[in-house]
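A closer look at the structure
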Amino acid sequence: MTTTASIELTLKDISAGRTQGAMCSSDLVDAPWDVDASPGYGPGASTADPIPAAAPRQGEIPQEYRDASDAQLRERIVAAKARLGERVVLLGHHYQRVEVVEHADYIGDSFMLAQAALDHPEAEAIVFCGVHFMAETADILSSPDQAVLLPNLAAGCSMADMATIDQVEDCWEQLAQLWGTEPDASGKVPVIPVTYMNSSAAIKGFCGRNGGIVCTSSNAEVVLSWAFERGHRVLFFPDQHLGRNTAIDMGIDPEAMPLWNPRRPLGNNTAEALEDSRVILWQGFCSVHKRFTTAQIAAARAQNPEVRVIVHPECPRETVAAADESGSTAYITKAIESAAEPTSFAIGTEINLVKRLAAEHPQHTITCLDPVVCPCSTMYRIHPGYIAWVLEALLAGEVVNRISVDAEVAAPARVALDRMLAAKPRI
Ligand code: CIZ
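Everything numeric in this text was worked out from a predicted model, so none of it was measured. (Residues numbered from 1 in each chain as written. Predicted model: local features only at pLDDT ≥ 70, side-chain atom pairs only at ≥ 80, totals over all residues.)

**Some points on the sheet that holds strand β12 (residues 344-348)**
The pairing of strands in a sheet comes from backbone hydrogen bonds and takes either a parallel or an antiparallel form. Which entries qualify depends on this criterion: Whether two strands pair depends on DSSP finding at least two bridges between them. In this description a helix means any DSSP run of H or I spanning at least four residues, a strand means any run of E spanning at least two, and both kinds are numbered starting from the N terminus.
The four strands are arranged β11-β10-β12-β13 in an open sheet whose pairing can be described as parallel. The outermost strands of the open sheet, each flanked by one partner alone, are β11 (325-326) and β13 (365-368). The sheet contact formed by β12 and β13 spans four bridges and is parallel. Opposite Ala346, over in β13, you have Thr367 as the bridge partner.

Here it is, written out as structure tokens:
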């Protein structure tokens, strides 16, 4: 089982063939600029997923950053940040590696980081160490004269790419043909679109235009309640597991949750099944979280019957049902921080967060449920070399890797995000 050893060691083990059964490619030990030379999500957990043709690509960065040692990059980032002072805010997602989050002004989930972006109108640049949809969200929430920078443009999210705006529009048209879009006598519309934060700005904009809302894994239940006050059903995308787990926890019958396959008419459902539905689940998933299984939970319990198993709600239903608890990264972090007695935790989420929590809480034994878990390969594309490059460019008066959402998409996306920000997280 994975312990507090560094991710680098895990990757070296995989590379040397010492770890069996991993989907994790040994290429992860390569420098990101080598990985970025070919299109794709990068090596690791997401390699099996098709990448959209229009996915952003990262160009080559100057050789000096590629040649610098870890220590030199660290020094350069610290120095550049000190010189930039309040001109820059650096946001680090929970799933980023230690060498990245050590430079972050805020470390958190997408919900917390979206709020942090809102709280810094004075910063001229927000460097978002996360993935593309998070930077888009920060751009939508920040003021137009602030620049949001994504250090590596290829840091995307395979789950977010599983629902394209064309597919969602097409689904919406098919549902509108069945039921129309007007409210009935009770004042409720036939269906409310709800998108997980892990989606493109275009899809958030779609939700804003069509009476819908965004959710994160921290507030999905609150958001679904909001939607059921306004509609008979919810169309939930792109993560089927978060939608299913949240709805089941709210007491909704799993039979009333058909899966929508965007490549088939009516999503591969009958009109009757859709009529009887409460939540229509898009067929998307997270490549990292789908790896956590009931067998891993059984193995953790066989090793230590006292172990407290907490998994992320992006995991499959049977895994969530077998765990002791499930919750967002904020929930997991808080559960560990608030455990009064030394406790054994087995955690089902991305490895960088698990390792960091283990290092920060030596009084507890914190392991990852998956013995050969890969880092999220797209999050892993943010490397200190890219951070040094964007910060030093700012010092030289140059803005690189700016993520800008078109105004006509940003305005309705902001409506959907504002609805979410008004919905209070459960924890
Ligand atoms: O909301 C987020 O940032 C993600 C991707 C997961 C979580 O639980 O924080």
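There's plenty left to go through after this.
**What to know about the confidence of the model for the protein**
Low pLDDT means the predicted coordinates in that region are not meant to be read closely. Using the following cut-off: Known as pLDDT, the predictor's confidence for each residue is given on a scale from 0 to 100. A residue pair is marked as a contact if its C-beta atoms, positioned from the backbone, fall within 7 Å.
Put simply, the protein has an average pLDDT of 89, and 87% of its residues get 70 or more. Segment residues 1-5 is flagged for pLDDT under 50; beyond a separation of four residues in sequence, or across chains, it makes 14 contacts in the model.

**Observations regarding the nonpolar core**
In plain terms, the rule: As used here, a nonpolar core is made of buried Ala, Val, Leu, Ile, Met, Phe, Trp, Tyr and Cys residues. They are joined through C-beta atoms within 7 Å. Exposed residues have 12 or fewer other C-beta atoms within 10 Å of their own C-beta, buried residues have 20 or more, and residues in between are partly exposed; the C-beta atoms are placed from the backbone.
In terms of nonpolar packing, the biggest core is built from 122 residues, with Ile126, Val127, Phe128, Val194, Ile213 and Val223 touching the most fellow members. Among the elements that line this core, the one with the most residues is helix α17 (residues 384-395), at seven residues. The contacts of Val194, once residues within four sequence positions are left out, are Gly212, Ile213, Cys215, Val223, Leu224, Ala227, Val234, Leu235 and Phe236.

**Things to note about the environment of Gln363**
Relative to the helices and strands, Gln363 is located in the loop between α16 (351-360) and β13. Gln363 gets classed as exposed once you count the C-beta atoms within 10 Å, which come to 10. For the pair Gln363 and Ala339, spaced 24 residues apart in the sequence, the C-alpha separation amounts to 9.9 Å.

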